Amino acid sequence: MNIQQLEYIVAVDNYRHFVQAAEHCNVTQPTLSMMIRKLEEELSVKIFDRTKQPIVPTGIGREIIDQAKTILRETSRMNEIAKHFNGDLSGELRVGVIPTVAPYLLPHFVNPFIAEYPEIKLHVSEMITEKIISELKMGNLDVGIIASLSEESSLQELPLYKERFFAFVSENTDLYNKQYILPTDIEPNELWLLEEGHCFRTQIQRLCELSRNSQFGSSFSYRSGSMETLIRMVERNGGITILPEMAVMELSEERKKHIRHFRFPEPAREVCLIVNREQMKTRLIDALKQGIINHLPAEIYQQEHGLKVF
C-alpha cells in the first residue's frame, strides 16, 4: 500500500469515472486501474462496484476511501508542519474566484504577491460560487474568493473587505435625475441582471426584493455573465444595472456620470476567502489573505460603517 494508491481511489470517488480520475492524477487510465486493483487484492476487498455507471464505492469501499482521505490529510499536515518549522512559504495554491470579483481584485494584488512570495505558485481560475464550493470539497481547490455566505458547515469564511453597490442608470430613466435612489425606485422591467448562478444576481434580487420567478414585461430576455456587457446594454438600450464598488472604480469619467448612490444605509456585499476547515495550507492562505488586504484600494478598505450587507 502507498500514498499514490490512496490518491487514486479518492480521485475515482470524486469523479466516479476512471478516465477522468486518471487525467486528474496525470497518469494513464490502465496504470490507475492496475494500482487500484493491486490495493484491492492487498486488502482482499472490492473498493468500487464497476458494474454500475457512474462507478460507485462498495459498502466497505466507502469506509476505506474515508480512511484514505484521513491519511492523505495527515500526510499533508506532516509536510506543512515541516515547512512551518523551516520557515518555508512555498508550494502550490489553487484559487477559485467568482467572475464579479476577479477582473477588479486580481490586478491589485497578484503581481505584488508573486514578487513577495516567489516560491508560491498561484493557480487562479474563474468560476461561480457553486462550482468553487464543489471544487473545494473535492480537493481540487485550496481556497475560494466569493461574495456570499456559503451556508456550508464544512467550510470556513475569512472576511477580506466590503464594497458598496451602485446603480448604473441610463439618461433615459427617471433615476438619472436623482442624486440618491432607493431599491424601491428600481423598476424590475428596466433592470439588467447577470445570469442565474452568479451570487451577485442573488444579492441584487434580495436588494430589489425580486423573486426568482419575477415576471418581466419586456419581450426581450437576455442572460449575461459579464458586467461590461450589462453596462453596454444600459448605454445602448436604456434601463439600469447594479455594480459593485471596485467595478465602478474602473469606469471612465464619462461612464461615472451614470452612477447613482443608494441612500443610507448603503447596500453592500462582503468578499471573503472560503476554505475547508481541515485544509493544510494555513500559512499560504494567511499570506494570500494579507496580500489581498495590503493592496486593496484605500476607498474599499475604509468602508466599514453604514453598510447593509446582502
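So, how was this worked out
Residues numbered from 1 in each chain as written. Predicted model: local features only at pLDDT ≥ 70, side-chain atom pairs only at ≥ 80, totals over all residues. Heavy atoms only, no water. Salt bridge = Lys/Arg side-chain N within 4 Å of Asp/Glu carboxyl O. Helix = DSSP H or I, 4+ residues; strand = E, 2+ residues; numbered from the N terminus. Buried < 20%, exposed > 50% of the residue type's maximum accessible area, 1.4 Å probe, protein only. Polar contact = N/O pair within 3.5 Å; in protein donor to acceptor, adjacent residues only side chain to side chain. Contact = heavy atoms within 4.5 Å. Phe/Tyr/Trp six-rings, centres within 6.5 Å; stacked < 30°, edge-to-face > 60°. Lys NZ or Arg CZ within 6 Å of the ring centre and 35° of its normal. Expected span 1.5 Å × (residues − 1). Arc of directions from axis to C-beta. Axes fitted to C-alpha atoms, helices over the stretch in contact; angles between N-to-C directions. Parallel < 35°, antiparallel > 145°, perpendicular 65-115°, else oblique. Nonpolar A, V, L, I, M, F, W, Y, C, P; charged D, E, K, R; others polar.

A. Fine view of the pattern of salt bridges. Taken as a whole, this structure holds 17 salt bridges when the rule is applied. With a closest N to O distance of 2.9 Å, Arg62 and Asp13 form a salt bridge. Remark: Asp13 occurs in helix H1 (residues 3-15) and Arg62 occurs in helix H4 (residues 59-85); sequence separation between them is 49 residues. By relative accessible area, Arg62 is classed as partly exposed at 27%. Under the relative-accessibility criterion, Asp13 is labelled buried at 7%. Linking Arg94 and Asp142 is a salt bridge whose minimum nitrogen-to-oxygen distance equals 2.9 Å. Here Arg94, found in strand S3 (residues 91-97), pairs with Asp142, found in the loop between helix H6 (129-138) and strand S5 (143-146); they are 48 residues apart in sequence, far enough to count as distant. The partly exposed category is assigned to Arg94, whose relative accessible area is 25%. Classification of Asp142 as buried rests on a relative accessible area of 10%. What emerges from the salt-bridge pattern is a single network uniting Asp13, Arg16, Arg62, Asp66 and Lys69.

B. Molecular detail of the side chain of Gln203. Mapped onto the secondary structure, Gln203 falls in helix H7 (residues 199-207). A distance of 2.2 Å separates a polar atom in the side chain of Gln203 from the backbone oxygen of Ala147. Ignoring sequence-local partners within four residues, the contact set of Gln203 consists of Ala147, Ser148, Phe165, Arg269 and Phe310.

C. The packing of aromatic side chains, seen in detail. Taken as a whole and assessed by the stated rule, the structure comprises three aromatic pairs. Seen in terms of ring centroids, Phe113 and Tyr117 are 5.0 Å apart; in terms of plane orientation they differ by 50 degrees. Their pairing is tilted. A ring pair is formed by Phe165 and Phe200, whose centres lie 5.3 Å apart and whose planes are at 85 degrees; its orientation type is edge-to-face. A residue pair is termed long-range when its members are at least 10 positions apart, and Phe165 in strand S6 (residues 155-169) and Phe200 in helix H7 qualify at 35 residues. Of the two residues, Phe165 and Phe200, both sit in the buried class. The ring of Tyr176 has Arg260 lying over it, and the distance from NZ or CZ to the ring centre is 4.7 Å.

D. Up close: helix H3 (residues 29-43). With 15 residues, H3 should reach 21 Å at 1.5 Å per residue; the first-to-last C-alpha distance of 21 Å fits that figure. For H3, every residue scored as buried is listed here: Leu32, Ser33, Met35, Ile36, Leu39 and Glu40. Projected down its long axis, H3 carries its buried residues within an arc of 165 degrees, all on one side. Turned more than 90 degrees off the buried face of H3, the exposed positions are Pro30 and Glu41. Taken together, the buried residues of H3 touch H1, helix H2 (18-25) and strand S1 (48-49).

E. Region of interest: the packing of H2 against H3. Contact geometry of H2 with H3 gives a least axis separation of 8 Å together with a crossing angle of 100 degrees. When the axis of H2 is compared with that of H3, the two are roughly perpendicular. Contact residues: Phe18, Val19, Ala21, Ala22 and Cys25 in H2; Gln29, Leu32, Ser33 and Ile36 in H3. Residues that form the contact of H2 with H3 fall into these classes: seven nonpolar, two polar and no charged.

F. How the structure looks around H2. For H2, every residue scored as buried is listed here: Phe18, Ala21 and Ala22. Relative to the axis of H2, the buried residues are bounded by an arc of 100 degrees and lie together on one face. On its buried face, H2 sits against H1 and H3. Positive backbone phi, at 60 degrees, marks Asn26, one or two positions downstream of H2.

On their own, these measurements won't tell you what the molecule is for.
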